[in-house]
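# Residue-level structure breakdown
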Amino acid sequence: MPLTDMPLEALRAYRPSVPEPEDFDDFWTGTLAAAREAATAAAPAEFRRLTESPLRTVEVYDVRFPGWGGQPVAAWLLLPAGADRPLPAVVSYIGYSGGRGLHTDHLLWSAAGYAHLVVDSRGQGHDTPDPDPLPGPQYVGGFMTRGIDGPEHHYYRRLITDAVRAVDALRAHPAVDPARIAVTGHSQGGGMALAVAGLLGAEVAACLPDVPFLSHIRRGVELAAAGPYPEVAHYLGVHMRIAPERVFTTLNYFDGLHFARRATVPALFSVALMDPVCPPSTVFAAFNAYESGDKEVVVWEFGDHGGGRGSQTPEALRWLRSHGLSPDPVDGSGSR
């Protein structure tokens, strides 16, 4: 992979013209309204304490909340033991082909004093199935082409809906301050965070997308050398009779550019200039389109798709503190 697909100066000014679907807002308003209505008839969010966890400084809860179609979605909720509540919270979404994993994989945010909700990815993790509503063919190769014939049945309609419903569930939890919830994630998880920020507005307090996937999708398909974007190129190369515009019309309903234009909360992006999975121009396209004037991007000049890896963590903690979203310190008596 060459050092970036554009010079950094050009990336900072890159604002591609990508027309959005005329019914984009109606599509998502209707989608979320239907999911919330279905949730009223489903089992409510359940937070079951793990008494067998070996951890001593964190409370762990095995979570199920109603997502798309009221279907149960798994998550972990980790709370710092003994901390005063309500707590600021971080909702994190998972990268492509991964799931919530083990609760012991996710100790950073609770160690820093946050409530932390780790959201499983339907059909990708082990704990949340994806009962696909399509009776038609499912294209082997991944999730990018699952339901590619139209936005109503596309996989990312369901996954983004789950991501929004996770915030709905966390906002109602008594240990959490609903006014101080940040959303974050890496790659696909960053794309989910960006979508949630665009769809929920001020119902979240901040957005931290790291090397986000699903932004400026067509350019990603044209440029990416690895990862999920080539699934679409392969599909179009095999199914020659299907017009590319039909495919990209579907994917356009899930493009982070359109969510970014609606996002008004503060944001901290990260981008890696040697990323073969999410080309840096796709990330900068979303960053430059992001509506809020309170936004930063951390550039990792020689980073690959791992972005800044562990070096991004102190950047995120610093940035949250600068925006009043860090946990309040507690002295030995329990007073603030």
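Preceding this paragraph is the structure being described.
Below or above, wherever it landed, is the structure these notes cover. (Residues numbered from 1 in each chain as written. Predicted model: local features only at pLDDT ≥ 70, side-chain atom pairs only at ≥ 80, totals over all residues. Heavy atoms only, no water.)

## Observations concerning the packing of aromatic side chains
- In this structure the tally under the stated criterion is 15 aromatic pairs.
- Positioned over the ring face of Trp-76 is Arg-100, at 3.7 Å from the centre of the ring.
- Its guanidinium or amino end placed over the ring of Phe-287, Lys-295 lies 4.9 Å from that ring's centre, counting from NZ or CZ. (Phe/Tyr/Trp six-rings, centres within 6.5 Å; stacked < 30°, edge-to-face > 60°. Lys NZ or Arg CZ within 6 Å of the ring centre and 35° of its normal.)

## Let's talk about the environment of Ala-202
- Mapped onto the elements, Ala-202 comes out in the loop between α5 (188-200) and β7 (206-210).
- A residue is classified by how much of its surface remains accessible, and Ala-202, at 71% relative accessible area, is exposed.
- Here the alpha-carbon distance between Ala-202 and Gly-303, two residues 101 residues apart in the chain, equals 32 Å. (Helix = DSSP H or I, 4+ residues; strand = E, 2+ residues; numbered from the N terminus. Buried < 20%, exposed > 50% of the residue type's maximum accessible area, 1.4 Å probe, protein only.)

## Section: the pattern of salt bridges
- Evaluated as defined, the whole model comprises 22 salt bridges.
- Note that Arg-48 and Asp-62 form a salt bridge whose closest N and O atoms lie 3.1 Å from each other. Taken as a pair, Arg-48 in strand β1 (residues 46-49) and Asp-62 in strand β2 (residues 58-66) lie far apart in primary sequence, 14 residues in all.
- Notably, a salt bridge pairs Arg-158 with Asp-130, separated by 2.8 Å at the nearest N-O pair. Of the two residues, Arg-158 sits in helix α4 (residues 155-171) while Asp-130 sits in the loop between β5 (115-119) and α4, which places them 28 residues apart along the sequence. Per residue, the accessibility class of Arg-158 equals that of Asp-130, and both read buried. (Salt bridge = Lys/Arg side-chain N within 4 Å of Asp/Glu carboxyl O.)

## Notes on the pairing of strand β4 (residues 87-93)
- With respect to burial, β4 is a largely interior element, seven of its seven residues being buried.
- Sheet topology places β4 next to strand β6 (residues 176-186); six bridges connect them, and they run parallel. Bridged to Ala-89 within β6 is Ile-181.
- Summarising the sheet, β4 and β5 pair through four bridges and their orientation is parallel. Within β5, the residue paired with Val-90 across the bridge is His-116. (Pairing = 2+ DSSP bridges.)

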